[in-house]
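Each chain is listed here by its residues.
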Amino acid sequence: MMNPITCDPALESTAFPTHTALADYIQSALLRSGCSSEQATSFWDLTCSTSADDGEQTLPIDGRAITLSFHFVHPRSGVFIVWCDMTNEVTEKEQHDAFLTGFSREVQHPITLISSYTERLSRNRDLDPVSKDLLHVVRREAERLEHLLTSFLAYQQQARHDDLTVTTFLLDPILQKMCAHYKTISPFHEIALSIAEPLVIKADEQRLLQLLHNLIGNAIRHSPEGGTIRLGLTRVEGTAVLSVHDPGLGIPPHLLPHLLDSRGSDDFDLGLLFCKQIVEAHGWSIHVESVYGEGTTCFIGLHTLDVEAMNEK
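Procedures and definitions
- Residues numbered from 1 in each chain as written.
- Predicted model: local features only at pLDDT ≥ 70, side-chain atom pairs only at ≥ 80, totals over all residues.
- Heavy atoms only, no water.
- Core = buried A, V, L, I, M, F, W, Y, C linked by side-chain atoms within 4.5 Å.
- Buried < 20%, exposed > 50% of the residue type's maximum accessible area, 1.4 Å probe, protein only.
- Helix = DSSP H or I, 4+ residues; strand = E, 2+ residues; numbered from the N terminus.
- Contact = heavy atoms within 4.5 Å.
- Expected span 1.5 Å × (residues − 1).
- Pairing = 2+ DSSP bridges.
- Axes fitted to C-alpha atoms, helices over the stretch in contact; angles between N-to-C directions.

Once that is clear, we can look at the nonpolar core. By size, the foremost hydrophobic cluster in this structure holds 39 residues, and its most contacted members are Leu208, Leu211, Leu215, Leu231, Trp284, Ile300 and Leu302. At the level of secondary structure, the elements contributing two or more residues to this core comprise α5 (172–185), β8 (200–204), α6 (205–221), β9 (227–236), β10 (239–246), α7 (270–282), β11 (285–291) and β12 (295–302). The contacts of leucine 211, once residues within four sequence positions are left out, are Cys275, Ile278, Val279 and Trp284. Ranked by size, the runner-up nonpolar core spans nine residues in total, among them Tyr25, Cys35, Ala40 and Ile66.

With that out of the way, let us pick up helix α1 (residues 19–32). Over its 14 residues, α1 extends 20 Å from the first C-alpha to the last, a length consistent with the 20 Å expected when each residue adds 1.5 Å. Every buried residue of α1 is listed here: Leu22, Ala23, Tyr25, Ile26, Gln27, Ala29 and Leu30. Just beyond α1, the residue with positive phi is glycine 34, at close to 100°.

Ordered by their spatial adjacency, three strands build an open sheet running β6-β8-β13, and the pairing between neighbours is antiparallel. The sheet is open, and its two borders are formed by β6 (166–170) and β13 (304–305), each paired with just one other strand. Sheet topology note: the β6/β8 ladder contains five bridges and is antiparallel. Residue pairing for β8: phenylalanine 169 is matched across the bridge by isoleucine 201. Sheet contacts for α6: β6 and β8; angle to β8, the most-contacted strand, approximately 95°.

Shown next, in the form of structure tokens:
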């Protein structure tokens, strides 16, 4: 026998002798609220088939978005059901997503034109050195703006979709491919990789790639005079640590305490905030050290597995 407590619309407690009686009660309540018979049946089937302690389903009912959440009472002798109209929230999300799509399209177009025309002008052999330097600055700032746009959109998207697709894989080949990639697109920088030992990691591979692109891209942008970007993978007191070091401008001491917190300063780095978001979603740790005028190192503490464990699979 199940004892449901439903919100329909006031808090109500009712006991039912059989599952059939409970199903009839819930389905009739859904039908009275404008839910189709197919939707009512679908929700009840979800309630009965779920193996978790709770579940949730959003149904479009009579032009509204209704979220039904249910929480079972151990040992499944009852169920607590919450009925919530989420129409405003769903509408706001759709409007937000539409705005971001339009914003990205409108901003990306002039950035592409600026980069394209700057590239064409820089090929003019008759340009004087001053003009070439100015074009180099324009192109560099256009690339920086494109990176900010990409980071902003990625940050917004991940803030709304925190689910990870976790797989198990060897980290070393990914780092090697990443370094080879940046060696070809950034000829003014050396990309050095040091791996103490092969490491197996459980992570969302696409999110990890986004994390690496942001870390290495940041290191390159903050080293405008060139130099060596150093990636390291080591174990420190049993924890695997990925480090990315640049020999660039460094970070002023007063900004370091709030570097990974947008609420702490107006000078936050959006790329690093996106890195922090990915790191925290995996349950990892992130730490930044910097000497102003000498360079910056970002450390990521990872959860790893033994290589032998992966080979056994």
